[in-house]
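# Structural description and commentary
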Amino acid sequence: MHDCLTDPIARTRRFHRAVTTESGVLDSSFLGRGRPLGPARVLNAIGHGRQDVADIRAFLRLDSGLMSRLLRGLEDEGLITLHSAPNDARRRLATLTDAGAAEFAAYESLSDAQVSGILNRHARPEALLAAMDIVATALGIDRTEIVETPPTDPRAIACLTAYYDELAQRLATGFDVSLSADPEAQDMTPPRGAFLLALSDGMPIGCVGLKATDKGYAEVKRLWTAPAARGMGLAKRLMDQLEARARTLGITRLRLDSNSALLEAIAMYRKAGWTEIDRFNDDPYPDHFFEKAL
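Residues numbered from 1 in each chain as written. Predicted model: local features only at pLDDT ≥ 70, side-chain atom pairs only at ≥ 80, totals over all residues. Heavy atoms only, no water.

## Let's talk about the overall build of the protein
Counting secondary structure elements, the protein contains 9 helices and 9 strands. Looking at the protein residue by residue over its 294 residues, the buried ones come to 38%. The contacts in the protein between residues at least 6 apart in sequence include a share of 56% that link residues at least 24 apart. Taken as a whole, the protein presents about 16700 Å² of accessible surface, with 54% of it coming from carbon and sulfur. (Helix = DSSP H or I, 4+ residues; strand = E, 2+ residues; numbered from the N terminus. Buried < 20%, exposed > 50% of the residue type's maximum accessible area, 1.4 Å probe, protein only. Contact = heavy atoms within 4.5 Å. Areas by Shrake-Rupley, 256 points an atom, 1.4 Å probe, with all protein chains shown as cover.)

## Focus: the sheet that holds strand S6 (residues 218-225)
Taken together, the 7 strands give an open sheet; going across it, the order is S3-S4-S5-S6-S7-S9-S8, and neighbouring strands pair in mixed fashion. The open sheet has two edge strands with one neighbour each: strand S3 (145-148) and strand S8 (275-276). Along the sheet, helix H9 (residues 263-271) contacts S6, strand S7 (253-258), S8 and strand S9 (288-293); its crossing angle with S9, the most-contacted strand, is approximately 30°. (Pairing = 2+ DSSP bridges. Axes fitted to C-alpha atoms, helices over the stretch in contact; angles between N-to-C directions.)

## Comments concerning empty space enclosed by the protein
This structure, assessed with the given rule, holds 1 cavity of 30 Å³ or more. Each pocket or cavity is described by its volume, and for the largest cavity that value is around 50 Å³. Forming the boundary of the largest cavity are Lys236, Met239, Asp240, Glu243, Met268, Tyr269, Ala272 and Trp274. Every element with two or more residues in the lining of the largest cavity is listed here: helix H8 (234-248) and H9. The element contributing the most residues to the lining of the largest cavity is H8, with 4 residues. (1 Å grid on protein atoms, 1.4 Å probe; cavity = no way out; pocket = protein on both sides within 12 Å on 5 of 7 lines; lining within 4 Å. Points joined across faces, edges and corners; volume = space filled by probe spheres on them.)

## Some thoughts on the layout of surface pockets
Within this model, the second largest pocket holds a volume of roughly 810 Å³. Taken together, 35 residues form the lining of the second largest pocket, with Leu223, Leu262, Ala265, Met268 and Tyr269 sitting closest to its centre. If you list the elements that add at least two residues to the lining of the second largest pocket, you get helix H7 (154-170), S6, H8, S7 and H9. Among the elements that make up the lining of the second largest pocket, the one with the highest residue count is S6 (6 residues). The residue inventory of the lining of the second largest pocket, partitioned by class, reads 19 nonpolar, 6 polar and 10 charged. (Nonpolar A, V, L, I, M, F, W, Y, C, P; charged D, E, K, R; others polar.)

## Quick look at the nonpolar core
Among the nonpolar cores identified, the biggest contains 42 residues, and Met239 and Tyr269 are the most heavily contacted of them. Look past the residues within four positions of Met239 in its chain and what remains in contact with it is Val208, Val220, Leu223, Leu256, Met268, Tyr269 and Trp274. Counting 19 residues, the second-largest nonpolar core is a separate cluster that includes Phe30, Ile46, Met67 and Tyr107. (Core = buried A, V, L, I, M, F, W, Y, C linked by side-chain atoms within 4.5 Å.)

## Concerning the packing of aromatic side chains
With the rule as written, the count across this model stands at 8 aromatic pairs. When the centroid spacing of 5.9 Å and the interplanar angle of 25° are considered together, the rings of Phe30 and Tyr107 count as stacked. Pair noted here: Phe30 is in the loop between helix H1 (8-23) and helix H2 (37-47) and Tyr107 is in helix H5 (residues 98-120), with a separation of 77 residues, a long-range link. Classification of Phe30 as buried rests on a relative accessible area of 10%. Take Tyr107: its relative accessible area is 5%, and that puts it in the buried class. Consider the rings of Phe175 and Tyr285, whose centres lie 4.8 Å apart with planes at 50°: the pair is tilted. (Phe/Tyr/Trp six-rings, centres within 6.5 Å; stacked < 30°, edge-to-face > 60°.)

## Brief notes about the environment of Asn281
Inspection of the secondary structure assignment puts Asn281 in the loop between S8 and S9. Relative accessible area serves as the criterion here: at 16%, Asn281 is assigned to the buried category. Not counting chain neighbours up to four residues away, the residues in contact with Asn281 comprise Glu219, Asp257, Pro286 and Phe289. At a separation of 3.2 Å, a polar atom in the side chain of Asn281 contacts the main-chain amide nitrogen of Asp283. (Polar contact = N/O pair within 3.5 Å; in protein donor to acceptor, adjacent residues only side chain to side chain.)

So, in structure tokens, the structure goes:
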């Protein structure tokens, strides 16, 4: 018999039971609004901007039959309207009615209150949130989207701020972005460069920038993944996609710099075929320099 305190299966199944009970999966009236969790989740997806029925179905991992029944139920309640996309009659779109918007707002308020109650039970809510981040990221890692955004996007800025804060803690010298070779936003914007963001259910959990130069190469800048996402291959996905994007921009040579304190990053670059080269900039923070031909 396995020790229940160390058995991974027993511990995982306990977690499943706790989440199922707390989230109201089995309730016939989720959050007391008169319908189970299924239609409430569809309503939530539409309220958060997902209108394409196929997109909603893929996002919630529903089969087409169940999706049709849930949409029909919400439509019968007068909470949504269904119509064809203006430019493609094959695509169906779902839109909240005024009653649907009010119901969505009620769910949001009740959900926020439920979350506050859960966090207030723990003496260290930040530790609880960190654990939730790890679980949510691990469960959704295969559905993580990598999208291109301007580096001035608020989600990009949030990632960059977290990156700078981490460097300040990890580097022996600390880190002041005003002293580093901080790339200009336009150098990481098409057609010169690009900025990629990793999104897990809408939450930014990683980023990387492609900075244009006029020196015969482009630079990889600001590669960062959230602590909860590390060890799951996300940094490599970001780098692979950045290299592919560089090729579409006609870039044939990449360079990057790093610091000895970032052991994981340096190991990844070496494994991915990057070659160490001499210093190529006067940034005070890096002490390792790499190049890769595409």
